[in-house]
Amino acid sequence: MARLTPRPVPWRALVLTVAALYFLVPLAASVVFTVDVPGRGLDLDAYARILGTEGFLPSLLLSLELAAATIAVVLLLMVPATVALRLTAPRLRPVVEVVCSLPLVVPPIAFVAGIGTVLKWGPEHLSRTPLFQTFVAVQNPDFPFVLVLAYAVMALPFVYRALDAGLRAVDVRTLVEAARSCGASLPHALLRAVLPNLRGALLNAAFLTLALVLGEFTTAQLLGFRPFAVWIVNTSGSDAQMSVAVSVMSLLVTWLLLLALAGLGGRRTPSSTTDRK
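Structure report, in brief. Just so we're clear, the structure is a prediction, and the values are computed from it rather than from any experiment. Per chain, residues are indexed from 1 in the order of the written sequence. Only residues with pLDDT of at least 70 get local features here, since the model is predicted, and only at 80 or more are side-chain atom pairs given and counted; chain-wide, interface and lining totals rely on the full set of residues. Hydrogens are left out, water is left out, and the side-chain values use all remaining heavy atoms of the structure.

## Focus: the nonpolar core
Then step 1. The term nonpolar core refers to a set of buried residues drawn from Ala, Val, Leu, Ile, Met, Phe, Trp, Tyr and Cys, joined through side-chain atoms within 4.5 Å. Note on exposure labels: buried denotes an accessible area under 20% of the residue type's maximum, exposed denotes more than 50%, and partly exposed covers the range between, all computed with a 1.4 Å probe on protein chains only. Membership of the largest hydrophobic core comes to 47 residues, with the highest contact counts inside it found for Met78, Tyr151, Val159 and Val172.
Then step 2. To qualify as a helix, a DSSP run of H or I must reach at least 4 residues; to qualify as a strand, a run of E must reach at least 2; elements of each kind are numbered from the N terminus. Those elements that place two or more of their residues in this core are helix H3 (56-87), helix H5 (108-125), helix H7 (145-168), helix H8 (172-181), helix H10 (199-215) and helix H11 (218-223).
Then step 3. In this view, Met78 contacts Cys100, Leu156, Val159, Tyr160 and Leu163; residues no more than four positions away in its chain are not counted.
Then step 4. In terms of nonpolar packing, the next biggest core, distinct from the first, is built from 15 residues, Phe56, Leu60, Ala245 and Met249 among them. Note on definitions: a residue-residue contact is assigned when non-hydrogen atoms from the two residues lie within 4.5 Å.

## Comments concerning the packing of H8 against helix H9 (residues 186-194)
Then step 1. Angles shown run from 0 to 180 degrees and are taken between the N-to-C directions of axes, each axis being a line fitted to C-alpha atoms and, for helices, limited to the stretch in contact. Running from N to C, H8 and H9 point in directions that differ by 120 degrees, and their axes come no closer than 9 Å. Viewed along their axes, H8 and H9 adopt a mutual orientation that is oblique. Where H8 crosses over H9, the two elements pack in a sense that is right-handed. Together, Val172, Leu175, Val176, Ala179 and Arg180 of H8 and Leu186, Ala189, Leu190, Ala193 and Val194 of H9 make up the contact between the two elements.
Then step 2. In the contact of H8 with H9, the residues fall into nine nonpolar, no polar and one charged. Roughly parallel refers to an angle under 35 degrees, roughly antiparallel to one over 145, roughly perpendicular to one between 65 and 115, and oblique to any angle outside these ranges. We call a crossing left-handed when the near helix sits turned anticlockwise from the far one by less than a right angle, and right-handed when that turn is clockwise. All residues other than Ala, Val, Leu, Ile, Met, Phe, Trp, Tyr, Cys, Pro, Asp, Glu, Lys and Arg, Gly among them, are scored as polar; the first ten of these are nonpolar and the last four charged.

## Describing the side chain of Thr82
Then step 1. Within the element layout of this structure, Thr82 appears in helix H3.
Then step 2. You can call Thr82 buried: its relative accessible area is 5%.
Then step 3. Polar contact is defined as a pair of N or O atoms within 3.5 Å, subject to the rule that within protein one atom must be able to donate a hydrogen and the other to accept it, and that residues adjacent in sequence are counted only when both atoms are side-chain atoms. A distance of 2.8 Å separates the side chain of Thr82 from the backbone oxygen of Met78, its partner in a polar contact.
Then step 4. Those residues in contact with Thr82 that lie beyond four places of it in its chain are Tyr160, Leu163 and Leu167.

## Description of a nonpolar patch on the surface
Then step 1. A contiguous nonpolar patch, built from Leu92, Val95, Val98, Val99 and Leu102 and spanning about 440 Å² of accessible area, is present on the exposed surface.
Then step 2. Locating Leu102 in the fold gives a position in helix H4 (residues 93-105). Excluding any residue in a salt bridge, patches collect residues exceeding 30% relative accessible area, merging like charges within 9 Å and nonpolar Val, Leu, Ile, Met, Phe, Trp and Tyr side chains within 5 Å. What sets the accessible areas is the Shrake-Rupley method with a 1.4 Å probe; for residues, cover comes only from the shown protein chains. Take a side-chain nitrogen of Lys or Arg and a carboxyl oxygen of Asp or Glu: if they are within 4 Å of each other, that pair is a salt bridge.

## A short note on the side chain of Asp164
Then step 1. Following the sequence through the fold, Asp164 ends up in helix H7.
Then step 2. Judged by its relative accessible area of 7%, Asp164 falls in the buried class.
Then step 3. A distance of 3.0 Å separates the side chain of Asp164 from the side chain of Arg93, its partner in a polar contact.
Then step 4. Discounting chain neighbours no more than four positions away, the residues touching Asp164 are Arg86 and Arg93.

## Examining the environment of Ser243
Then step 1. Position of Ser243 relative to the elements: it lies in helix H13 (residues 240-266).
Then step 2. Judged by relative accessible area, which is 23%, Ser243 ranks as partly exposed.
Then step 3. Linking Ser243 and Thr34, residues 209 residues apart in sequence, is a C-alpha distance of 9.0 Å.

## What about the packing of aromatic side chains?
Then step 1. Two aromatic rings, drawn from Phe, Tyr or Trp (for Trp, its six-membered ring), form a pair once their centres lie within 6.5 Å of each other, and the interplanar angle then sorts them: stacked below 30 degrees, edge-to-face above 60, tilted otherwise. Within the structure shown, the criterion is met by four aromatic pairs.
Then step 2. Taking the centre distance of 5.2 Å and the plane angle of 90 degrees together, the rings of Tyr22 and Phe23 count as edge-to-face. Of the two residues, Tyr22 and Phe23, neither departs from the other in class, the shared state being exposed.
Then step 3. Taken together, Phe56, Phe228 and Trp231 form an aromatic cluster joined through their ring pairs.

This is the structure we're talking about:
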């Protein structure tokens, strides 16, 4: 019996073409604007000035450090919580879902205002307690851990959705019971049996968190810190060509980091297989 070959759908190619033009044409126009200087032709001076501008490398490194710390914090918080919901408390899933969705409802200005009020209240009322040094440490300009805490809260909706989608595709209970029946402890079962099957979900959560941290401006600006997004806005100034060049470079840096993260996540350890006859 002959197999039925699927018919090509012409509108798919049309939709992909329109989407590609929608994203690539403005980007190409921005690149041309930054390198095409009237009277001189192609010139990369705008990008050279970015690399030589004060604060470029420190702000980028600070954002990368904040992103790495935020990814670690939010995954350490959400992975055990979502797995526990699947194993022991599935009835609490709607409650956790609502709580994790709250950062989408609270305006960023109100969120930052609350953080600023707490940071001002702490040193004034806890100056004679050991917690005073904690409030000072989390606001260290070299590594403001308060931004990590804020970004972790802001990333909760995206991380929860990514992990929940990954857990829906995995029979967590069966994996854990099989590992426990082989003598593994519960932490060992989660580490060796569950997490490898959540590789895609963990990678998606890391993607979304990295993009959020690199592009977040309001929280860092209002709290007085200067990561990469704040540096971009403060540096662009009134120079239109340099402003567009900074935006293009920030987009390229984000893409390169996401590609690097995807490359690291896509590597698989080689395994030997045997053919049974």
